[in-house]
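Below, each chain spelled out in residue letters.
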Amino acid sequence: MARALISRALVNVSVWKVGDTVDIQILKIFDDYYVLRHRRIAKRSLEKSQIHHAALSNEEQVTWFSQQVLKRRTKRDYREDLETEFKETKINLNDPRWPQMWYLNRGDGLDMNVQDAWAQGVTGKGIVVTILDDGLEKDHPDITKNYDKDASYDVNNHDGDPQPRYDIIDSNRHGTRCAGEVAANANNSICSVGVAYDALVGGVRMLDGDVTDAVEAQSLSLNPEHIDIYSASWGPDDDGKTVDGPGPLASTAFKEGILKGRNGLGSIFVWASGNGGREHDNCNCDGYTNSMWTLSISSATENGLVPWYSEACSSTLATTYSSGSNGERQIVTTDLHHGCTSTHTGTSASAPLAAGICALALEANRQLSWRDMQHIVVRTARRANLHAKDWGRNGVGRNVSHSFGYGLMDAGAMVRLAKRWNPAPVQKLCEIRSNQADKLIPAKSHVELSLHVRCEHVRFLEHVQAKLTLSATRRGDIHIYLTSPSGTRSTLLAQRPVDGSRAGFQAWPFMTVHSWGENPDGVWKLEVHNEGRFYGRATLKEWYLHLYGTTDDPDHPSTTTVTPTTTTETTTTHKPKTTSAKPRSTKLKSSPWPKPTAQYYPLTTAKTEFDEESNELSDHKFDRKQDTECPKGQFFYQGLCVLQCPSGLYGSAVSSYRSTHELTTSACLPCHYSCVECHGPNDYQCLQCHEDSLLVDGYCEPMAMVDEVRSFAAWNDVVVGVFTTLCLVTIALTVYVVVALWPPPCWRADKTGEYVSVHQGPPLPPSLTDPALMQKPSPNNTSSTVVPYYDSEDEI
């Protein structure tokens, strides 16, 4: 556990000062959030620092802090062991690897139609893309012309140089490869060509070191007024048993990006869907690809097949090409040491291609919001030559698949639509909570629940989230389906055979984009299946729907509609920003963010509404039933003041912001997902654990791990005991042999206690046996104790 603490405070925190010496390094993440690194404390520790936690708690300037923990984040590459009019265009380039770039130049509707976009005069010029990865070889001859230092940073070493760390196996080549896919210079007789070869590209080095919530947040929030698109080809382990996502700071960074980025139009986050296909992983268990704020991209092979590494899920929006099985070609791009490669693989290669295509569309229309980009992708993606067993049509006739989303991205069609696109209407939220709770699901059975929905303000759907709290004896035995009133059936979760956890899901937001454009009114059906054996039970504790969409039809917006800026719970409009050659201002008019919680997508009781009378945005405004603070000793929960927070929540002071003043009250906030009961948002503040965990010093340790440690400790004790016993026995036997056999057999003690020689050989001559002769002195030696030595009997 790293010793870094995140603090929302002023820089001059007096509690850390000793005399004239400041014992802490302060690094800003964004706004008033800082990373505090104590110089005299070990970087990693298994225990928290009680003294410094208490000091920060008593510091008036600190409103929130959290000790950082290391996260496992893996790069998503692998090494080998409505239909739009398609216009074919052929372009010849002198880049030596151009003939091998089959995914851009093979034509016949089998590529991503990028040449058509180039023929329209769109090459990404003026658009800034940054690669969040392990570094960028900025002096690569095919990248250096388009390198943007203002879109680059080294989060691992805290400097402005993203140059990767070189080693013998080139383990940090990932970011350079992804950057070349986006913006490798064209027609320069070097290596390859990028999809948006005139775009500016930067790199953030953040994977070559300890990855924490703070590291991710700092990377996601880098220069959001300058950077247009963030491309990420990494995420939690794709091992088929991990359920993980952005922490409170990274979640806040996402929200900051879509609210403030690009002068309020919103940063565009492109994410690789994951490489856990071999382990039957599901990308809805990845909180990054499962987020409505990211554009999740999957992969297709050269022959249009589902790659062996690909994960299927209902949150995938679209697909680009990548590697496949043996015999299928891979992706060509730049490589370390000023080199070039034709073996870039995995969904890691797909996300940068999508980012480059988005850059082309953004050049065609710089006023596209983050939601506009997703609308354009949904409307232009093609089924093309993609082969999947689950292709179907949703309620408005669009082809959609869990493996490919809405299909292969079409750059030419996206550019055409972007040029004539009217801004999407205001996004609104309809939240429906089910009163069907604590439904037992025995082994080899399922439950089917219905929820009647009537949304007054949402008529055309975009993202749909089904938030479930569910316990299970074995999480991997659960599979979940959601059917819309139009009959579109989404697989929210498929079985994961490797996942043996008993942690279940705690308000996890399973997302589907398969109902895009449908009317939400009607009966939604949720099916939860339990394929467990014998006594493998599951319990659905609660579930509710978050239906995001618009009142007006995005394809036929009203004439009064203007470009919107929205958050997850925003109903507001803003006028479009005009572009200029001057640097973009970093000062934005927006309300402060509430303190982050440990929830991946913060479960907030505050809803943002648009005040039509005052024509102002009221950010984080409390529900109309609760506009004032709760009485002392009570907590705000679901529009009511309660004396005690429900299970899984803890009471804490929070702030909400009105258009004129700030409200402060005590509210029920979610515990860390590993806790059942807690006294704070962190994983070390648990009071009660799930059935499969034990409470150890405030942490909920998995019982399987505890049992394994105990078993190892017991076995270790046995081994040590046996070894010690053998050592003692060996020593005892040695002592016994020495004592019992001393003196040697050739010596014996007579009755006087003196030792005499005992002859065991042939008979001795009389001279040696006759006492009289033996007393005769030797002429050569006066000693009578000397015995001659004979070599044989013949000499005797």
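Residues numbered from 1 in each chain as written. Predicted model: local features only at pLDDT ≥ 70, side-chain atom pairs only at ≥ 80, totals over all residues. Heavy atoms only, no water.

Going by an unreviewed UniProt entry, the protein chain carries the name furin and comes from Oedothorax gibbosus. Its UniProt record gives the protein chain the following Catalytic activity (unreviewed entry) comment, quoted word for word: "Release of mature proteins from their proproteins by cleavage of -Arg-Xaa-Yaa-Arg-|-Zaa- bonds, where Xaa can be any amino acid and Yaa is Arg or Lys. Releases albumin, complement component C3 and von Willebrand factor from their respective precursors." (UniProt positions renumbered as here; feature names shortened; annotations may be inferred.)

A. Spotlight on the sheet that holds strand 8 (residues 128-133). Taking strand neighbours across the sheet as the criterion, the seven strands line up as 9-10-8-11-13-14-15 in an open arrangement whose pairing is parallel. The two strands at the open ends of the sheet, each matched to only one other strand, are strand 9 (153-154) and strand 15 (318-321). In this sheet, strand 10 (residues 200-205) lies alongside strand 8 in parallel orientation, the contact comprising six bridges. Pairing of Ile131 across the sheet is with Gly203, part of strand 10. The strands that helix 8 (residues 370-380) touches are strand 13 (268-272), strand 14 (294-300) and strand 15; relative to strand 14, the one it contacts most, it runs at about 30°. (Pairing = 2+ DSSP bridges. Helix = DSSP H or I, 4+ residues; strand = E, 2+ residues; numbered from the N terminus. Contact = heavy atoms within 4.5 Å. Axes fitted to C-alpha atoms, helices over the stretch in contact; angles between N-to-C directions.)

B. Focus on the UniProt feature "active site" (unreviewed entry) in the protein chain. The positions that UniProt labels "active site" (unreviewed entry) are, in the present scheme, Asp133, His174 and Ser348. In sequence the annotated residues extend across 216 residues, while in space they remain close, none of their C-alpha pairs exceeding 10.3 Å. Positionally, Asp133 belongs in strand 8. On the accessibility criterion, Asp133 (1% relative accessible area) is buried. Assessed through its relative accessible area of 0%, Ser348 is described here as buried. (Buried < 20%, exposed > 50% of the residue type's maximum accessible area, 1.4 Å probe, protein only.)

C. Layout of the packing of helix 7 (residues 346-364) against helix 9 (residues 411-420). Their axes nearest at 8 Å, the elements helix 7 and helix 9 cross at an angle of 25°. When the axis of helix 7 is compared with that of helix 9, the two are roughly parallel. Note that helix 7 runs across helix 9; the crossing there is right-handed. Of the residues in helix 9, those touching helix 7 at Ile357, Leu360, Ala361 and Ala364 are Ala411, Met414, Val415, Ala418 and Lys419. Of the residues belonging to the contact of helix 7 with helix 9, the class tally is eight nonpolar, no polar and one charged. (Parallel < 35°, antiparallel > 145°, perpendicular 65-115°, else oblique. Left-handed = near helix turned anticlockwise from the far one by under 90°. Nonpolar A, V, L, I, M, F, W, Y, C, P; charged D, E, K, R; others polar.)

D. Focus on helix 8. The element helix 8 is extensively covered by neighbouring structure, given that 11 of its 11 residues are classed as buried. For helix 8, the set of buried residues is Trp370, Arg371, Asp372, Met373, Gln374, His375, Ile376, Val377, Val378, Arg379 and Thr380.

E. Summary view of helix 9. Here helix 9 lies mainly inside the structure; seven of its 10 residues are buried. Every buried residue belonging to helix 9 is among Ala411, Gly412, Ala413, Met414, Val415, Leu417 and Ala418, and all of these are buried. Contact partners of the buried residues in helix 9: helix 3 (114-119), helix 7 and helix 8. With a side-chain oxygen positioned 3.2 Å from the backbone nitrogen of Gly412, the residue opening helix 9 is Asp410. (Polar contact = N/O pair within 3.5 Å; in protein donor to acceptor, adjacent residues only side chain to side chain.)

F. Molecular detail of the state of the cysteines. Summed over the entire model, instances satisfying the criterion amount to seven disulfides. Sulfur-sulfur distance for the disulfide between Cys671 and Cys678 comes to 2.0 Å. Taking the sign of the torsion about the S-S bond as the criterion, the disulfide between Cys671 and Cys678, at about -85°, is left-handed. For Cys671, a relative accessible area of 5% puts it in the buried group. Its relative accessible area of 8% is what places Cys678 among the buried residues. (Disulfide = S-S within 2.5 Å.)

G. Here's a closer look at the packing of helix 8 against helix 9. Contact pair helix 8 / helix 9: the axes reach a minimum separation of 9 Å and the direction vectors enclose 130°. Classified by the interaxial angle, the pair formed by helix 8 and helix 9 is oblique. At the point where helix 8 passes helix 9, the crossing takes the right-handed sense. The segment helix 8 lies against helix 9, with Met373, Ile376, Val377, Arg379 and Thr380 engaging Ala413, Met414, Leu417 and Ala418. Of the residues in the contact of helix 8 with helix 9, the class split is seven nonpolar, one polar and one charged.

H. Quick peek at the sheet that holds strand 22 (residues 445-453). Taken in spatial order, the four strands line up as 22-27-24-25 in an open sheet, and their pairing is antiparallel. Single-partner strands in this sheet number two, and they are strand 22 and strand 25 (489-493). On average, adjacent strands in this sheet sit at an angle of 20° to one another, irrespective of strand direction.

I. Summary view of the pairing of strand 28 (residues 538-550). Taken across its 13 residues, strand 28 has 10 buried, putting it largely inside the fold. Of the pairings in the sheet, the one linking strand 20 (residues 428-433) to strand 28 comprises six bridges and is antiparallel in character. Within the sheet, the bridge partner assigned to Ile432 lies in strand 28 and is Leu545. Across three bridges, strand 21 (residues 439-441) lies against strand 28 in antiparallel orientation. Following the sheet pairing, Ile441 is matched in strand 28 by Ala538. Summarising the sheet, strand 23 (residues 460-472) and strand 28 pair through 11 bridges and their orientation is antiparallel. Looking at the pairing, Leu468 lines up with Trp543 of strand 28.

J. Molecular detail of the side chain of Arg379. Structurally, Arg379 is set in helix 8. Overall, the relative accessible area of 7% leaves Arg379 in the buried class. At 2.6 Å, the side chain of Arg379 forms a polar contact with the side chain of Asp555.

K. Broad picture of the environment of Ala538. You can see Ala538 is positioned in strand 28. Along the backbone, Ala538 and Leu440 are 98 residues apart, and their C-alpha atoms lie at a distance of 6.1 Å. What Ala538 contacts, discounting residues up to four positions off in sequence, is Lys439, Leu440, Ile441, Ser471, Ala472, Ile478 and Asn530.

L. Here's a closer look at the packing of aromatic side chains. Scanning the model with the defined rule gives 15 aromatic pairs in all. An angle of 15° between the planes, with centres 5.3 Å apart, marks the rings of Trp271 and Tyr288 as stacked. In this pair, Trp271 sits in strand 13 while Tyr288 sits in the loop between strand 13 and strand 14, placing the two residues 17 residues apart along the sequence. Of the two residues, Trp271 and Tyr288, neither departs from the other in class, the shared state being buried. Taken together, the ring pairs connect Tyr230, Trp234, Phe254, Phe269, Trp271, Tyr288 and Trp293 into an aromatic cluster. (Phe/Tyr/Trp six-rings, centres within 6.5 Å; stacked < 30°, edge-to-face > 60°.)

M. Representation of the nonpolar core. Core analysis: the largest hydrophobic core is formed by 109 residues, its most contacted members being Tyr103, Met112, Val114, Ile229, Leu360, Met373 and Met409. For this core, the leading source of residues is helix 7, giving 11 residues. Once you skip the residues sitting within four places of it in the chain, Met112 turns out to touch Tyr103, Leu104, Thr320, Tyr321, Leu353, Ile357, Leu408, Met409, Asp410 and Ala411. Listed in part, the 33 residues of the second largest apolar core include Ile432, Leu451, Leu468 and Leu493. (Core = buried A, V, L, I, M, F, W, Y, C linked by side-chain atoms within 4.5 Å.)

N. Structural context of a nonpolar patch on the surface. A surface patch of nonpolar side chains, about 490 Å² in accessible area, is lined by Trp715, Val718, Val719, Val722 and Leu726. A relative accessible area of 51% places Leu726 in the exposed class. (Patch = residues over 30% accessible without salt bridge, like charges linked within 9 Å, V, L, I, M, F, W, Y side chains within 5 Å. Areas by Shrake-Rupley, 256 points an atom, 1.4 Å probe, with all protein chains shown as cover. Salt bridge = Lys/Arg side-chain N within 4 Å of Asp/Glu carboxyl O.)

O. Structural detail: unusual backbone geometry. Although it is not a glycine, His337 adopts a positive phi angle of roughly 60°. When you line up the elements, His337 lands in the loop between strand 16 (331-335) and strand 17 (339-344). For Lys444, which is not glycine, the phi torsion reads 55° and is therefore positive. The residue Lys444 is located in the loop between strand 21 and strand 22 in this model.

P. Up close: the pattern of salt bridges. According to the stated counting rule, one finds 23 salt bridges in the structure shown. A salt bridge links Asp281 to Arg496; the nearest nitrogen and oxygen atoms lie 2.6 Å apart. Of this pair, Asp281 sits in the loop between strand 13 and strand 14 while Arg496 sits in the loop between strand 25 and strand 26 (505-512); the two residues are 215 residues apart in sequence, bridging distant segments of the chain. Exposure class is identical for Asp281 and Arg496. Each is buried. For Arg329, the salt bridge is made with Glu302, and the minimal N-O distance between the two is 2.8 Å. Pair noted here: Arg329 is in the loop between strand 15 and strand 16 and Glu302 is in the loop between strand 14 and strand 15, with a separation of 27 residues, a long-range link. In this structure Arg329 comes out as partly exposed when scored by relative accessible area, which is 38%. Among the charged side chains, a salt-bridge network with shared partners connects Asp154, Arg165, Asp167, Arg205 and Asp208.

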